[in-house]
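Analysis of the macromolecular model
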Amino acid sequence: MRNRSIVLAGLAAGAVSLVVACGADTAIAPSAARMPGDPGDARDRLFYQVKLEPLGDSRAIAMLMIDVVGGELRVRVHANGVEPGQPIPQHIHVNPGCSPGGGILLNLDAGLTIPGEGPGVGPSYPTASHAGVVNYEATRSLADLRDAFETYQSLVFATDADLLAYLDLENRNAHMHVAFGPPFPAVNCGEVVERVN
Ligand SMILES: [Cu+2]
């Protein structure tokens, strides 16, 4: 039963990707698919990983994991080699690849805010240890994110599946940045990869 649930979650994610790739702007939600947050689907999950590699002269490396399960989005980051003692700006960016990374989709700050709701830099981002290590975790409900997109970007998503189709996480990239700026150049970057089991 558990395996079957996981397969269904994978199929749902695939269906969303296909529709988006075709450029359709209507009927994005696959009505027959079960998505996280639906009753009885707490064990279904979407799981993504990002391996962030150093850019330029930086030695900053990081692993980033994204879970979508039970109607919640959770992001975890473990980084090494970033600026000690400083709040490190970090985001999911809209482009599939790193150069250019494109605009910000999600701020990986304390509240997992979106552009317009929270700043792209500042004290709400995780502070690196004196050894230049960041350990970060934040969770936000998909329902709360939908409210934020409506309030701050006038984007209305009728269902969590609609939101997930818009976020399209498997076609994004993640950056961490220097703490001072502008222009806050990126110190590392990686493409988001969906893991399906
Ligand atoms: Cu960024």
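These numbers were taken from a predicted model, which means no experiment stands behind them. (Residues numbered from 1 in each chain as written. Predicted model: local features only at pLDDT ≥ 70, side-chain atom pairs only at ≥ 80, totals over all residues.)

Regarding the overall build of the protein chain
Of regular secondary structure, the protein chain possesses three helices and nine strands. When the helices and strands of the protein chain are read in sequence order from the N terminus, they spell out α-β-β-β-β-β-β-α-α-β-β-β. Considering the protein chain as a whole, with its 197 residues, one finds that 34% of them fall into the buried category. Considering only contacts in the protein chain between residues 6 or more positions apart, those separated by 24 or more positions represent 63%. (Helix = DSSP H or I, 4+ residues; strand = E, 2+ residues; numbered from the N terminus. Buried ≥ 20, exposed ≤ 12 C-beta atoms within 10 Å, placed from the backbone. Contact = placed C-beta atoms within 7 Å.)

Some words on the environment of His-93
One can find His-93 in strand E4 (residues 90–93). According to the C-beta neighbour criterion, His-93 is buried, with 21 such atoms within 10 Å. Sequence separation between His-93 and Cys-189 is 96 residues, and the spatial gap between their C-alpha atoms is 9.8 Å.

Focus: the pairing of strand E8 (residues 186–191)
Summarising burial for E8: five of the six residues are buried, a large majority. As paired elements, strand E1 (residues 45–54) and E8 share two bridges and run antiparallel to each other. Looking at E8, one finds that Glu-53 is bridged to Cys-189. (Pairing = 2+ DSSP bridges.)

A look at helix H3 (residues 160–167)
Here H3 lies mainly inside the structure; six of its eight residues are buried. Here H3 has its buried residues at Asp-160, Ala-161, Leu-163, Leu-164, Ala-165 and Leu-167. Positioned one or two residues after H3, Asp-168 has a phi angle of 45°, which is positive.

Examining helix H2 (residues 142–153)
For H2, which comprises 12 residues, the first-to-last C-alpha distance of 15 Å matches the rise-based estimate of 16 Å (1.5 Å per residue) to within 8%. Positive phi shows up at Ser-154, right after H2, with a value of about 55°. (Expected span 1.5 Å × (residues − 1).)

What to know about the confidence of the model for the protein chain
This prediction gives the protein chain a mean pLDDT of 84; 77% of its residues lie at or above 70. Scored below 50 in pLDDT, residues 1–40 makes 53 contacts in the model with residues more than four places away or belonging to other chains. (pLDDT = per-residue confidence, 0-100.)

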